[in-house]
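Take a look at the letters that make up each chain.
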Amino acid sequence: MKKHAQSICVFAPATVANVSCGFDVFGFAVDEPGDEVILTLREEKGVFIKAIHGDGGKLSLDPDKNTAGVAAQSFLKAFASDAGVEIELFKGLPIGSGLGSSAASAAAVLFGLNRLLGHPADGKDLLHFGLQAEKVACGSAHGDNVIPSLLGGFVLIRSYDPLEIYHFPIPEELFCTLIYPNIEIETRNARELLPTSIPLQTAIRQWANTAGFAAGLCLSDYQLLSRSMVDLVAEPVRAQYIPKFYELKDTAQKAGALGSSISGSGSTVFALCRGKDTAKRVCDAMSSLYQNASISFKSWISPINSEGPRIVNLESKNQ
Ligand code: HSE
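Analysis parameters
- Residues numbered from 1 in each chain as written.
- Predicted model: local features only at pLDDT ≥ 70, side-chain atom pairs only at ≥ 80, totals over all residues.
- Heavy atoms only, no water.
- Pairing = 2+ DSSP bridges.
- Helix = DSSP H or I, 4+ residues; strand = E, 2+ residues; numbered from the N terminus.
- Axes fitted to C-alpha atoms, helices over the stretch in contact; angles between N-to-C directions.
- Contact = heavy atoms within 4.5 Å.
- Near = heavy atom within 4 Å.
- Polar contact = N/O pair within 3.5 Å; in protein donor to acceptor, adjacent residues only side chain to side chain.
- Nonpolar A, V, L, I, M, F, W, Y, C, P; charged D, E, K, R; others polar.
- Domains from an automatic or database assignment.
- Core = buried A, V, L, I, M, F, W, Y, C linked by side-chain atoms within 4.5 Å.
- Buried < 20%, exposed > 50% of the residue type's maximum accessible area, 1.4 Å probe, protein only.
- Expected span 1.5 Å × (residues − 1).
- Phe/Tyr/Trp six-rings, centres within 6.5 Å; stacked < 30°, edge-to-face > 60°.
- Lys NZ or Arg CZ within 6 Å of the ring centre and 35° of its normal.
- Salt bridge = Lys/Arg side-chain N within 4 Å of Asp/Glu carboxyl O.

> Quick one: what's the story with the sheet that holds strand 10 (residues 298-303), residue by residue and with numbers?
One open sheet holds the four strands; their spatial order is 8-9-7-10, and the pairing between them is antiparallel. Pairing within the sheet leaves two strands with one partner each, and these edge strands are strand 8 (259-262) and strand 10. Taking each pair of neighbouring strands and ignoring which way they run, the sheet shows an average axis angle of 20°. Strand direction decides the pairing type here: strand 7 (residues 174-180) and strand 9 (residues 269-274), joined by six bridges, are antiparallel. Each residue of the ladder has a partner; that of L174, found in strand 9, is R274. Strands strand 8 and strand 9 of the sheet are contacted by helix 9 (residues 245-254), whose axis makes an angle of about 160° with strand 8. Set on the sheet, helix 10 (residues 276-292) makes contact with strand 7, strand 9 and strand 10; between it and strand 7 the angle comes to about 15°.

Written as structure tokens, this is what we have:
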């Protein structure tokens, strides 16, 4: 197999899964934050995690126990069983933040390995490996983080078996505000909290909002998006783990957000906004709420990312 380069550095974006009404089926990528990896081909076959930066020592260097390592092993097993790769991971995403931290690491590795080894895998293969890595990381092969991180854009997973993905058009003025309250929530635990069945009347309202949101994206109808951003399934159960969640939501709405909810399984809260100025105003208002309550947090404002992973100049990492 032709090898194009020995090393590559790749950035993969954070993602907002569920997007309020679309539990496990909607997800979108943002331009920032994200994770970066440097991949280097080695003579010795197998996957080696050289170092992880920015995780506070929480993540395992054992490739069997690390989402980046699992993704790399699946890839090599299928396409280059004699190859060896060394991974250096730079975590821009906090762990357990609901920003798709494990998914972004896996997406960066899969995109980078495919480049390094001359594109032996197609897009579907990469999604499949990404789902396997999510299963190891979170106990469930949900794709609403890893799929938008790999593909970019606003994604609907219409079916898992067989996998069927639909990319929505992104309304031009759509911006996202993210507030992360420095609290770690394990997706595995947050999924166990959820009800295994819901009343029919709840389901009817939920799928009406899911369909309404999808139509809002296709029509660039911001008010329809706003009315549809209601989650009756995951948010009511998970809100209690996020400090001042309902006050944050209220603040975001008063500052002009179209809607807000929990990003993935939390603890980040996202708000969708029409225009960057509104997103900034919403971010300031949500930030003030946390500052006044002495809650430490990080915040970001970003457009929807439409490209997925991208190659980063290796020189910039070596400076
Ligand atoms: N859809 C998943 C959940 C996303 O909410 O459990 C986890 O990031």
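> Help me get a handle on the site of the ligand, residues and values and all.
Near the ligand the following residues occur: A17, N18, F23, D24, H142, D144, N145, T187, R191, R238, G264 and S265. D24 places a side-chain nitrogen or oxygen 2.5 Å from a nitrogen atom of the ligand. Here the residues of the shell around the ligand sort into two nonpolar, six polar and four charged. A domain-level breakdown of the shell around the ligand finds at least three residues from each of domain 1 (7-167 + 306-317) and domain 2 (174-303).

> Summarise the nonpolar core; cite the residues concerned and give the values.
If you look at the biggest cluster of nonpolar residues, it comprises 70 residues, and the most contacted ones within it are F28, F213 and L272. For this core, the two domains that each supply at least three residues are domain 1 (7-167 + 306-317) and domain 2 (174-303). Once residues lying within four places of it in the same chain are set aside, the contact partners of F28 are A14, T15, V16, V19, P148, G153, F154, C176, F270, L272 and I304. Residues F175, I179, A252 and C273 belong to the second largest nonpolar core, which totals 22 residues.

> I'd love a proper account of helix 2 (residues 101-116), names of residues and values included.
In this model helix 2 runs 23 Å from its N-terminal to its C-terminal C-alpha over 16 residues, within 8% of the 22 Å that 1.5 Å per residue would give. Summarising burial for helix 2: 15 of the 16 residues are buried, a large majority. Remark: G118 follows helix 2 within two positions and exhibits a positive phi of approximately 80°.

> Now, about the packing of aromatic side chains: what can you tell me, with residues and values included?
Counted according to the given criterion, the structure contains 13 aromatic pairs. Measuring from ring centre to ring centre gives 6.2 Å for F154 and F168, while their planes differ by 75°; the resulting arrangement is edge-to-face. With F154 in strand 5 (residues 154-160) and F168 in strand 6 (residues 163-168), this pair connects stretches of sequence that are 14 residues apart. Judged on exposure class, the residue F154 and its partner F168 are both buried. Between F245 and Y246 the ring centres are 5.1 Å apart and the planes differ by 75°, which places this aromatic pair in the edge-to-face class. We classify F245 as buried; its relative accessible area is 2%. By way of ring pairs, the aromatic residues F26, F28, F154, Y166, F168, F213 and F270 are connected into one cluster. Of note, R42 hangs over the ring of F48, and the distance from its end group to the ring centre comes to 3.8 Å. The cationic tip of R310 hangs over the ring face of F11; the distance from NZ or CZ to the ring centre is 4.2 Å.

> Give a description of the pattern of salt bridges that names residues and reports values.
On inspection of all chains with the given rule, the structure shows 14 salt bridges. A salt bridge links K65 to D62; the shortest N-O distance between them is 3.8 Å. Residue D62 is classed as partly exposed on the basis of its relative accessible area of 27%. E247 serves as the salt-bridge partner of K244, at 3.7 Å between the closest nitrogen and oxygen. Judged by relative accessible area, which is 41%, E247 ranks as partly exposed. Several salt bridges share partner residues, and in doing so they unite R42, E44 and E86 into one network.

> If you had to explain the pairing of strand 7 to someone new, which residues and values would you point to?
Most of strand 7 sits inside the fold, with seven of its seven residues counted as buried. Residues of strand 7 alternate between two faces, with L174, C176, L178 and Y180 on one and F175, T177 and I179 on the opposite face, all of them buried. In the sheet, strand 7 pairs with strand 10 via six bridges, with the strands oriented antiparallel. Across the sheet, I179 pairs through a bridge with S299, a residue of strand 10.

> Give a description of the environment of P171 that names residues and reports values.
Here P171 lies in the loop between strand 6 and strand 7. For P171, a relative accessible area of 1% gives the class buried. Along the backbone, P171 and C218 are 47 residues apart, and their C-alpha atoms lie at a distance of 7.8 Å. With near-sequence residues (within four places) excluded, P171 lies in contact with L217, S220, Y222 and L225.

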